[in-house]
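# Structural features, examined
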Amino acid sequence: MTTSTTPESSATTPLLDLQALVVAVRRRRRLWCAMALLGLLAGAAVAVLMPPPPTAVTKVLVAHKEDQPNDTGTLIRTDVEVLGTTRIAEKALRSLHSAEDPEDFMRDYRGAGVTNNLLKITVTGDSDTEAVARAKALADAFVADHVRRMRATANAEAKALLDQRDRMKDELAQVNKDIGDRSPQTATDPQESASIESLFARRAELTTRIADFNQRAEEARVGTPQVVAGTEIVDAPRPVKHSLPRAAATDAAIGLVLGLVLGLALAAVGVVVADRPVLRRDIAAHLGASVIAELPHRPDRRRQRRRTRVARERLTAHLARTVRGSTEPVSLLELGCARGTSVIALDLARALAADGAVTVIDGLPGPQLADRRPKPGDPAVVSGERAAAVPPQERRLGVGSVAPGTAWTDLQYLGTQTVLVVRAGHGSAAWLHTVARQLADQHIAVIGVVLIDPDPRDRTDGTLWDGLHTALRGRSERPAQQSGWRRTERQPMWAARGADNDQEAR
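Residues numbered from 1 in each chain as written. Predicted model: local features only at pLDDT ≥ 70, side-chain atom pairs only at ≥ 80, totals over all residues. Heavy atoms only, no water.

### Description of the overall build of the protein chain
The helix and strand tally for the protein chain stands at 15 helices and eleven strands. Buried positions account for 40% of the 506 residues belonging to the protein chain. Restricting to contacts in the protein chain with at least 6 residues of sequence separation, those with at least 24 account for 81%. When the accessible surface of the protein chain is summed, it comes to about 28,000 Å², and 55% of that surface belongs to carbon and sulfur atoms. (Helix = DSSP H or I, 4+ residues; strand = E, 2+ residues; numbered from the N terminus. Buried < 20%, exposed > 50% of the residue type's maximum accessible area, 1.4 Å probe, protein only. Contact = heavy atoms within 4.5 Å. Areas by Shrake-Rupley, 256 points an atom, 1.4 Å probe, with all protein chains shown as cover.)

Here is the structure:
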């Protein structure tokens, strides 16, 4: 895989690199694991410290006159809303002889439709006995109210039918009177005969309709007992058993999932906002130099320690060959790994000590080299202020830092060629651009990058192949000396990739 730093390729760079995002989130597993653990503990603590109040449950079978097989649950939803009214609450409190406010009592119970005709009532109280009593009072109040409403509806319907029947009877009486008022002599008149026939037809129609209204009124009354008998408490009120271990396990699992999701979200947002490259290709592209080696931060297992020791020995041998073949002083500059850089510098100095005296110039801001306990055979370590006193015949190895707050003009005294020792995910992309630009302004060639704490699943390539001056992997001499190319004309490729953070550079 190659990494391009040309303006054309940077224009096609995706806005969000999913691979880098996944790697960065995985590297922040301490955060989301801690959030998941915190959610687990919080869920368990809520179950233990805030147990649910005593609860009772009952079920009521509700019959409706308008029941249909294809009902979508509209009637039972209406019953649930009726249960949550102050009228039902007042009736229940009245039967309990309680002076509690109905609106407050309504917050202690709820209804739910199990099926189209089955209503479940859940009530809380100060004790199981009180919760059961409240549930029974609510169920009785709801059944009584439902029966009253069904009877009132049936009576209203029957009364409307009977009123219509009475009007028909009055009209029938008038028709009978009109028929009785006609004399037999008028029967021979054709017009009178037709009028009498129409009256007889009207009387027959009214008689039929009166009988129909009587039947419908009777059916309306007959349907009410079926509704009344079908509405009853089918599951007596009983307290709900509460299992603390089960509740703690359930709440802990919910807390674990919520904490994990929140932790992953925070990690992802933090990665996007911070914009700290972790992949080899991204770090190499931002710094404009190839990755020559990578070392773990703190190996834990024995096999990891052995692999780390072998990788460190290979790095030391490679750097020693590079320093021996270079006519210019070489330095090690760290970003986020001062301790690891000091160890690499001491190993390199010990390897170079076989060729002659070596002096390590300590330019680190911390006490990594200054406060160490020297061992027999260790090279001499002097501070940057005493670097001028080092004899010219001795080989110098500068060790410094490119962290924020670095005095950039002092880096060239540590070495005109440098190896950057960078911890993955430590510096932002803007700061890596700043480091590359400042080193270019100081005419310090970056001959390679040593990556500390890389992602073990990173399969990207950290080598640049864009140009000779940016692909200095393993080179010891800068091309400027071989081709007569002036240092002042060296244009860093990373300047075309995007804007740098000038405020941080100052």
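Read on, since the account is not over.
### Some remarks on the pattern of salt bridges
Tallied over the entire structure, the rule returns 21 salt bridges. Here Arg 280 ties to Glu 294 by a salt bridge, and the two come within 2.9 Å at their closest N and O atoms. Of this pair, Arg 280 sits in helix α10 (residues 280–287) while Glu 294 is found in strand β5 (residues 291–295), placing the two residues 14 residues apart along the sequence. Overall, the relative accessible area of 14% leaves Arg 280 in the buried class. Overlapping salt bridges, with partners in common, bring together Arg 87, Lys 91, Asp 145, Arg 148 and Arg 149 in one network. (Salt bridge = Lys/Arg side-chain N within 4 Å of Asp/Glu carboxyl O.)

### Digging into α10
For α10, the buried fraction is high: eight of the eight residues fall into the buried class. The inward-facing, buried residues of α10 abut α2 (18–27), β5, β10 (417–423), α13 (429–441) and β11 (445–452). Just downstream of α10 lies Gly 288, where phi reads positive at about 75°.

### Notes on a nonpolar patch on the surface
Taken together, the side chains of Val 46, Val 48, Leu 49, Met 50 and Leu 244 make up a nonpolar region of the molecular surface, amounting to roughly 510 Å² of accessible area. Per element, the largest residue contribution to the nonpolar patch is three residues, and it comes from helix α3 (residues 29–49). For Leu 244, the location among the structural elements is in helix α9 (residues 244–274). (Patch = residues over 30% accessible without salt bridge, like charges linked within 9 Å, V, L, I, M, F, W, Y side chains within 5 Å.)

### A word on the environment of Arg 321
Relative to the elements of secondary structure, Arg 321 occurs in helix α11 (residues 302–324). What makes Arg 321 exposed here is its relative accessible area of 53%. Sequence separation between Arg 321 and Ala 351 is 30 residues, and the spatial gap between their C-alpha atoms is 9.8 Å.

### With respect to the packing of aromatic side chains
Under the counting rule described, the total for this entry stands at two aromatic pairs. Aromatic pair Phe 105 and Tyr 109: ring centres 5.1 Å apart, planes at 50°, arrangement tilted. Overall, the relative accessible area of 0% leaves Phe 105 in the buried class. You can call Tyr 109 buried: its relative accessible area is 7%. With centroids separated by 5.8 Å and ring planes inclined at 45°, the aromatic side chains of Trp 408 and Trp 431 adopt a geometry described as tilted. Remark: Trp 431 occurs in helix α13 and Trp 408 occurs in the loop between β9 (395–401) and β10; sequence separation between them is 23 residues. Across this residue pair, the class does not change: Trp 408 and Trp 431 are buried. (Phe/Tyr/Trp six-rings, centres within 6.5 Å; stacked < 30°, edge-to-face > 60°.)

### Some remarks on unusual backbone geometry
We note that His 97 has phi near 55°; this positive angle belongs to a residue other than glycine. Summarising the element assignment, His 97 is placed in the loop between α5 (86–96) and α6 (102–106).

### Topic: the side chain of Asp 79
Looking at where Asp 79 falls in the secondary structure, it is placed in helix α4 (residues 74–83). Despite its burial, Asp 79 pairs with no opposite charge; the closest candidate is Arg 149, at 4.2 Å N-O. Contact partners of Asp 79, with chain neighbours within four places excluded, come to Val 62, His 64, Phe 142, His 146 and Arg 149. (Lys, Arg positive; Asp, Glu negative; His and termini not counted.)

### Topic: a positive patch on the surface
Taken together, the side chains of Arg 29, Arg 30, Arg 457 and Arg 459 define a basic patch exposed on the protein surface. Turning to its location among the elements, Arg 30 is positioned in helix α3. Classification of Arg 30 as exposed rests on a relative accessible area of 76%. (Charge placed at Lys NZ, Arg CZ, Asp CG, Glu CD.)

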